[in-house]
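Working through the structure, step by step
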Amino acid sequence: MAMNKVIMVGRLTADPELKQTPTGVEVTRFGIAISTATNKTDFFNVVAWRQTATFICRYFKKGDGICIDGHLSSRSYEKDGVKHTVYEVIC
């Protein structure tokens with residue numbers, strides 16, 4: 001059995017910006033900051049699609065608290081001959 005579930009509560013690090021794919025699907029990418037009990041802050045990349053993306057862009061701005069419910073995803077790409085792996089929460 002496998003499970004991939006992420007729930008995070010943090011603050012937006014920048015104003016989310018609504019974009020569209022070439023096929024017209026709404027998407028937004030933004031970061032959230034989560035402070036730990038040891039006064040350390042962790043930063044996470046989040047991607048939201050369709051109505052969720054529209055909702056987030058309409059009602060949230062930098063510094064607002066937000067609860068994210070989604071799953072963890074990874075993708076790889078190559079830039080200047082160096083392979084990079086990015087982990088994102090898809091909500």
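Small disclaimer: the values here were computed from a predicted structure and weren't measured.

**Things to note about the side chain of T28**
One can find T28 in strand β3 (residues 26-35). With a relative accessible area of 1%, T28 lands in the buried category. There is a polar contact of 3.0 Å between the side chain of T28 and the backbone oxygen of E17.

**Description of the pattern of salt bridges**
Under the counting rule described, the total for this entry stands at 5 salt bridges. Residue K5 pairs with D69 through a salt bridge whose shortest N-O separation is 2.6 Å. Of this pair, K5 sits in the segment before β1 (6-12) while D69 is found in strand β5 (residues 65-79), placing the two residues 64 residues apart along the sequence. Of the charged contacts in the structure, one is a salt bridge between R75 and E88, with a shortest N-O distance of 3.2 Å. In this pair, R75 sits in strand β5 while E88 sits in strand β6 (residues 82-90), placing the two residues 13 residues apart along the sequence. Taken together, the shared-partner salt bridges in this structure form one network comprising R29, R75 and E88.

**As for the environment of T38**
You can see T38 is positioned in the loop between β3 and β4 (41-49). Each C-alpha atom, one on T38 and one on E26, is 37 Å from the other, the two residues being 12 residues apart in sequence. One polar contact links T38 to T36, side chain to side chain, over a distance of 3.1 Å.

**What to know about the environment of V86**
With respect to the helices, strands and loops of the structure, V86 is situated in strand β6. A residue is classified by how much of its surface remains accessible, and V86, at 17% relative accessible area, is buried. Setting aside its immediate chain neighbours within four residues, V86 contacts N45, S73, S74, R75 and Y77.

**Section: the packing of aromatic side chains**
Here the structure, examined in full by the defined rule, presents 2 aromatic pairs. Arranged with centres 4.9 Å apart and planes meeting at 50°, the rings of F55 and Y59 form a pair that is tilted. With a gap of 4 residues between them, F55 and Y59 both fall in helix α1 (residues 50-59), about one helical turn apart. On the accessibility criterion, Y59 (51% relative accessible area) is exposed.

Thresholds applied
Residues numbered from 1 in each chain as written. Predicted model: local features only at pLDDT ≥ 70, side-chain atom pairs only at ≥ 80, totals over all residues. Heavy atoms only, no water. Helix = DSSP H or I, 4+ residues; strand = E, 2+ residues; numbered from the N terminus. Buried < 20%, exposed > 50% of the residue type's maximum accessible area, 1.4 Å probe, protein only. Polar contact = N/O pair within 3.5 Å; in protein donor to acceptor, adjacent residues only side chain to side chain. Salt bridge = Lys/Arg side-chain N within 4 Å of Asp/Glu carboxyl O. Contact = heavy atoms within 4.5 Å. Phe/Tyr/Trp six-rings, centres within 6.5 Å; stacked < 30°, edge-to-face > 60°.

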